[in-house]
Number of protein chains: 2
Amino acid sequence: MKFKNKAVFFAALFTCTISIAQTHKSLEDFKPSSVNQPGKAFPQVNSEGRVRASILATDAKKVQLDIGGVKYDMVKDDKGVWTGESAPQDEGFHYYQLNIDGASVPDPGTKYFYGAGRWGSGIEIPAVDQDFYALKDVPHGLVSENIYFSKITNSFRRCFVYTPAGYEKDAKTRYPVLYLQHGSFEDETGWPTQGNANLILDNLIAAQKAVPMIIVMDNGYAYKPQTGESAGRPVSVFEEVMIQEIIPMIDAKFRTIADREHRAIAGLSMGANQTMRIIMNNLDKFASYGGFSGTSNYPSSMEIDPTTFLDGKFNDGAAFNKQIKVFWLGLGTKEPNPFPGSVGAFRKMLEKQGIKYTYYESPGTAHEWLTWRRSLNQYAQLLFK
Amino acid sequence: MKFKNKAVFFAALFTCTISIAQTHKSLEDFKPSSVNQPGKAFPQVNSEGRVRASILATDAKKVQLDIGGVKYDMVKDDKGVWTGESAPQDEGFHYYQLNIDGASVPDPGTKYFYGAGRWGSGIEIPAVDQDFYALKDVPHGLVSENIYFSKITNSFRRCFVYTPAGYEKDAKTRYPVLYLQHGSFEDETGWPTQGNANLILDNLIAAQKAVPMIIVMDNGYAYKPQTGESAGRPVSVFEEVMIQEIIPMIDAKFRTIADREHRAIAGLSMGANQTMRIIMNNLDKFASYGGFSGTSNYPSSMEIDPTTFLDGKFNDGAAFNKQIKVFWLGLGTKEPNPFPGSVGAFRKMLEKQGIKYTYYESPGTAHEWLTWRRSLNQYAQLLFK
């Protein structure tokens, strides 16, 4: 993880301060977003994917809708209600905020989601394929909050565990496990909330497109406790926590099939990078990998030397193909730099090494949750078969 | 439920617009609140229970901290950061908001909680007895999100289910169940989030003060689907959903002891009112009741006529005492009207009827979550013994 680069990347992504006045004529088919708070009429979304926000701020001088890296000026009516619209947004889920006289705050109309390093507002632009992650009348698995104390980090941690429908019923059936990680500036709530991981699997399993599986969603931020005044940059110990604490806990607490063939790992962005390192360092633990919008050569687009990259773990393509059941990469067609370049360089290396893998492109999506929902939907269908 | 009265009550509670300038001298031992977002320094709380909030709002004219029904003016520094303090607050958890130039918004420093009919900010004032609801290194149960489709309401609903530590381990042990309800303008997230129900039970069970039990936390708002243009006021069907859908689902999905002796019900405020009606109408289903800051004669303080109240269900005290294992009432010493009056009138009726019950007073707390955490802590120790 290159924190410095990440910080620059996110600064670029989130603090663009262009103000755009409302000059377009929007289609008047706005409907409340599906992730609004109960009973809240705003924000709304129209069929063009424009977001219309509205807030009472009687005495404000300037109110803006801050979405997709752009701040859109809102307009006040005679009752003090400010309303404004964004340009059309990509299909899927987006984080956003309101800006009231210089204060960046969540929109009181939406539910809140952890992303971009904060709990903030979210909006759902209906997608052409939204059925695969919709809440439907199929058997539903449970999502359990599991709190544990980590000796390695000397702190309480938490993971969410999806158990498929029927898990409680038959106390003898054992299940394979997918370890599924969020991206940078996100946490363990990402996949079971805006990721809809549980609904995606409920739907796949009901349609018999995926094998019933357990999914473990933990927090990718884990640091060695710092002691003394000479403490330097925090040292990530997520791999140690995963291997020494999370997996043994899950295998003890849930009815898992506790071998490498029945254990997969995947992650998005930073999580793709982390989990690739974890599987390649622990091939006795996992047999399948999914990298959603990320690879471990991030952020470089340079040609990869397989003799040195990740200690030569990709150097013997034939051995790799024997050991790995599913090696899967996904990317949105609208992802910003450096993702197309770094994932592209990684794929070139795989091909040069004769390594078998599946590649998926999510049409019309960027470095956002619809890319990752679709990636999970594709990837999960290949696992444990 | 008297919605009209509730609305008036909440309006009084939440929209008081007194502005209080900062004239006191606070103790300078402020610390970040325990329910802040990760890494957020504000809001803070000092040993007097004062809340200090802070937000960047460069161009704002007026920013206020809105807590406990009072709006406190905040003061701007030369960098555009507004800071302000409240008067000392009661121990425990409180909902609050910021007001920026007339816009009521959540404080971007805190995690968010559903209460007062919205997702908004919360703050934790350390309590003298906070140990009983603290996250400690004891075995932790799981809190599971359970989604289901209700035919009665024709909608998806959700409950959270606490299963005690060890539930997964021994697939043969069966457990008693407590059905635990939130108050008005709250939802099923209240008890497992700001209620700390899981931590309270984790601690009680670890100390062998409570029997390991399952807790089901559902949403008390459930209405008959409205059809046609003549649809009138929505009709609550929560009792039907509880009896016909929730209990059968829980008994089928979890390892419960499915008889009345091993089923208890409790609720806070509106939930106390609802659950009292449910147990008295369904004595074949439940044997124990807990009413936290509420009774079914709410909001009346008039003398209760047991021959007519709830269809005479309290009329035969001797029969009542034979059927009910635990009948429990709790109230904070600082609760506002009408709670002391209505709970008082209810207790008088119980005493007149010779009905055995336990009464608990939470010292120094009002109609808020510390009263209810303490109530659960007391009540749970008496159950299923």
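Residues numbered from 1 in each chain as written. Chains lettered and ligands numbered in written order. Predicted model: local features only at pLDDT ≥ 70, side-chain atom pairs only at ≥ 80, totals over all residues. Heavy atoms only, no water.

Novice: Sorry, what's going on with the interface of chain B and chain A here?
Specialist: In many reports, interface size means the accessible area that the parts give up when they come together. The interface of chain B with chain A comprises 44 residues on the first partner and 44 residues on the second. Carbon and sulfur atoms supply 61% of the area buried between chain B and chain A, which totals about 3600 Å² over both sides. There are 11 residue pairs in polar contact (both at pLDDT 80 or more) connecting chain B and chain A. Elements with a contribution of two residues or more to the side of chain B that touches chain A: strand 4 (51–56), strand 10 (103–105), strand 11 (112–115), strand 12 (118–125), strand 13 (142–150), helix 2 (197–206) and helix 3 (238–253) of chain B. In terms of residue count, the dominant contributor to the side of chain B that touches chain A is strand 13 of chain B (7 residues). Residue composition of the side of chain B that touches chain A, grouped by class: 23 nonpolar, 9 polar and 12 charged. Sheet analysis places strand 13 (residues 142–150) of chain A next to strand 13 of chain B, joined by 3 bridges and oriented antiparallel. Residue pairing across strands places Ser144 of chain A opposite Ser144 of chain B, the latter belonging to strand 13 of chain B. (Contact = heavy atoms within 4.5 Å. Buried area = accessible area lost by both parts, 1.4 Å probe. Polar contact = N/O pair within 3.5 Å; in protein donor to acceptor, adjacent residues only side chain to side chain. Helix = DSSP H or I, 4+ residues; strand = E, 2+ residues; numbered from the N terminus. Nonpolar A, V, L, I, M, F, W, Y, C, P; charged D, E, K, R; others polar. Pairing = 2+ DSSP bridges.)

Novice: How should I be thinking about the packing of helix 3 (residues 238–253) of chain A against helix 4 (residues 270–281) of chain A in this particular structure?
Specialist: Packed helix pairs are specified by the crossing angle of their axes together with the interaxial distance, meaning the distance between the axes. Residue and element names in this part refer to chain A. In the contact formed by helix 3 and helix 4, the axes pass within 10 Å of each other and the chain directions differ by 50°. The orientation of helix 3 with respect to helix 4, classified from their angle, is oblique. Between helix 3 and helix 4 the crossing geometry is right-handed. Of helix 4, the residues touching helix 3 (which contributes Phe238, Glu239, Met242 and Ile243) are Gln274, Arg277, Ile278 and Asn281. Across the contact of helix 3 with helix 4, the residue classes break down as 4 nonpolar, 2 polar and 2 charged. (Axes fitted to C-alpha atoms, helices over the stretch in contact; angles between N-to-C directions. Parallel < 35°, antiparallel > 145°, perpendicular 65-115°, else oblique. Left-handed = near helix turned anticlockwise from the far one by under 90°.)

Novice: Sorry, what's going on with the relation of the copies chain B and chain A here?
Specialist: In this structure, two copies of a chain are linked by a rotation about an axis accompanied by a shift along it. Structural alignment of chain B on chain A gives an RMSD of 0.0 Å, achieved by rotating through 180° and translating 0.0 Å along the axis. The relationship between the two copies is best expressed as a two-fold rotation axis. By C-alpha distance to the rotation axis, the residue of chain B lying nearest is Ser144 of chain B, at 1.9 Å. The share of interface residues of chain B whose copies in chain A are also at the interface is 100%, consistent with both copies meeting through the same surface. (Least-squares fit on C-alpha atoms with pLDDT ≥ 70 in both.)

Novice: How do you make sense of the sheet that holds strand 3 (residues 44–45) of chain A when you look at a structure like this?
Specialist: Consider a sheet: its strands pair through backbone hydrogen bonds, and that pairing is either parallel or antiparallel. All names here are of chain A. Here 5 strands make up an open sheet; going across it, the order is 2-3-4-8-7 and the pairing antiparallel. The sheet terminates laterally at strand 2 (31–32) and strand 7 (75–76), the two strands that pair on one side only. Here strand 4 (residues 51–56) pairs with strand 8 (residues 81–85) via 5 bridges, running antiparallel. Of the residues in strand 8, the one forming a bridge with Ile55 is Trp82.

Novice: Teacher, can you tell me more about the sheet that holds strand 4 of chain B here?
Specialist: Ordered by their spatial adjacency, 5 strands build an open sheet running 2-3-4-8-7 (chain B), and the pairing between neighbours is antiparallel. Pairing within the sheet leaves two strands with one partner each, and these edge strands are strand 2 (31–32) and strand 7 (75–76) of chain B.

Novice: Would you explain unusual backbone geometry in this entry?
Specialist: One can expect most non-glycine residues to show negative phi and most peptide bonds to be in trans. The omega angle of the peptide bond from Asn337 of chain A to Pro338 of chain A is 5°, so this bond is cis rather than trans. With respect to the helices, strands and loops of the structure, Pro338 of chain A is situated in the loop between strand 19 (326–332) and helix 6 (339–352). That bond from Tyr298 of chain B to Pro299 of chain B is cis: its omega, 0°, falls within 30 degrees of zero. Looking at where Pro299 of chain B falls in the secondary structure, it is placed in the loop between strand 18 (288–292) and helix 5 (317–323).

Novice: Whenever I open this one, the packing of aromatic side chains confuses me. Can you help?
Specialist: In this description, a pair of aromatic rings is defined by centroid distance and the angle of the planes. Scanning the entire structure with this criterion turns up 49 aromatic pairs over all chains. Measuring from ring centre to ring centre gives 5.4 Å for Phe93 of chain A and Tyr95 of chain A, while their planes differ by 90°; the resulting arrangement is edge-to-face. According to the relative accessible area criterion, Tyr95 of chain A is buried, its value standing at 14%. Considering the side-chain rings of Tyr298 of chain A and Phe339 of chain A, the 5.4 Å spacing of their centres and the 25° angle between planes classify their relative orientation as stacked. Of this pair, Tyr298 of chain A sits in the loop between strand 18 (288–292) and helix 5 (317–323) while Phe339 of chain A sits in helix 6, placing them 41 residues apart in sequence. Judged by its relative accessible area of 2%, Phe339 of chain A falls in the buried class. Clustering of aromatic rings is evident, with ring pairs tying together Trp191, Phe292, Trp328, Tyr360, Trp369, Trp372 and Tyr379 of chain A. Here the guanidinium or amino end of Arg255 of chain B rests over the ring plane of Tyr167 of chain B, the centre of that ring lying 4.1 Å away. (Phe/Tyr/Trp six-rings, centres within 6.5 Å; stacked < 30°, edge-to-face > 60°. Buried < 20%, exposed > 50% of the residue type's maximum accessible area, 1.4 Å probe, protein only. Lys NZ or Arg CZ within 6 Å of the ring centre and 35° of its normal.)

Novice: Quick question: what am I supposed to make of the domain arrangement of chain A here?
Specialist: Residues and elements named next belong to chain A. The domain architecture assigned to chain A consists of domain 1 (10–126) and domain 2 (132–380). For domain 1 versus domain 2, the distance between C-alpha centres works out to 31 Å. When domain 1 packs against domain 2, the two sides together hide about 1300 Å² of surface, and 52% of this comes from carbon and sulfur. In this structure, Glu124 and Arg373 form a salt bridge, with 2.7 Å as the shortest nitrogen-oxygen distance. Our count for the domain 1 to domain 2 interface comes out at 9 residue pairs in polar contact (both at pLDDT 80 or more). Breaking the side of domain 1 that touches domain 2 down by element, the ones donating at least two residues are strand 9 (92–100), strand 11 (112–115) and strand 12 (118–125). In terms of residues, the side of domain 1 that touches domain 2 owes the most to one element, strand 9, which gives 4 residues. Classifying every residue of the side of domain 1 that touches domain 2 by side-chain character gives 7 nonpolar, 4 polar and 3 charged. (Domains from an automatic or database assignment. Salt bridge = Lys/Arg side-chain N within 4 Å of Asp/Glu carboxyl O.)

Novice: Can you walk me through the pairing of strand 6 (residues 70–73) of chain A in this structure?
Specialist: Moving residue by residue along a regular strand, the side chains alternate between the two faces of the sheet. All names here are of chain A. Pairing between strand 5 (residues 63–67) and strand 6: 4 bridges, direction antiparallel. Directly across from Gln64, in strand 6, lies its bridge partner Asp73. Remark: 2 residues form the turn of the hairpin made by strand 5 and strand 6, two consecutive strands paired antiparallel; Gly68 in that turn has positive phi of roughly 65°.

Novice: Help me understand helix 7 (residues 369–380) of chain B, please; the structure alone is not making it clear to me.
Specialist: Note that an α-helix has 3.6 residues per turn; residues three or four places apart therefore point the same way. Residues and elements named next belong to chain B. The first and last C-alpha atoms of helix 7 sit 16 Å apart over 12 residues, in line with the 16 Å expected at 1.5 Å per residue. Of all the 12 residues making up helix 7, 11 are buried; the element is thus mostly covered by neighbouring parts of the structure. Buried within helix 7 we find Trp369, Leu370, Thr371, Trp372, Arg373, Arg374, Ser375, Leu376, Asn377, Tyr379 and Ala380. (Expected span 1.5 Å × (residues − 1).)

Novice: Hey, could you run me through the side chain of Asn196 of chain B in this one?
Specialist: Position of Asn196 of chain B relative to the elements: it lies in the loop between strand 15 (177–181) and helix 2. Not counting chain neighbours up to four residues away, the residues in contact with Asn196 of chain B comprise Tyr133, Trp191 and Arg373 of chain B.

Novice: When you look at the pattern of salt bridges in this model, what are you seeing that I'm missing?
Specialist: For side chains of opposite charge, pairing can occur when their charged atoms come near one another. Summed over the entire model, instances satisfying the criterion amount to 30 salt bridges over all chains. Of the charged contacts, one joins Arg157 of chain A and Asp218 of chain A as a salt bridge, the two residues approaching to 2.7 Å between their closest N and O atoms. Linking Arg157 of chain A in strand 14 (residues 155–163) with Asp218 of chain A in the loop between strand 16 (214–217) and helix 3, this pair joins segments that are 61 residues apart in sequence. Across the pair, Asp218 of chain A and Arg157 of chain A agree in class, each one buried. Of the charged contacts, one joins Glu91 of chain B and Arg374 of chain B as a salt bridge, the two residues approaching to 3.5 Å between their closest N and O atoms. One end of the pair, Glu91 of chain B, is in the loop between strand 8 (81–85) and strand 9 (92–100); the other, Arg374 of chain B, is in helix 7, and 283 residues separate them in sequence. On the basis of relative accessibility, which here comes to 29%, the residue Glu91 of chain B falls in the partly exposed class. Using a relative accessible area of 4% as the deciding quantity, one classes Arg374 of chain B as buried.

Novice: Help me understand the environment of Phe42 of chain A in this model?
Specialist: Residue and element names in this part refer to chain A. Relative to the helices and strands, Phe42 resides in the loop between strand 2 and strand 3. Residue classification places Phe42 among the partly exposed positions, given a relative accessible area of 26%. Between the alpha carbons of Phe42 and Gly109 there is a distance of 5.7 Å; along the sequence they are 67 residues apart.

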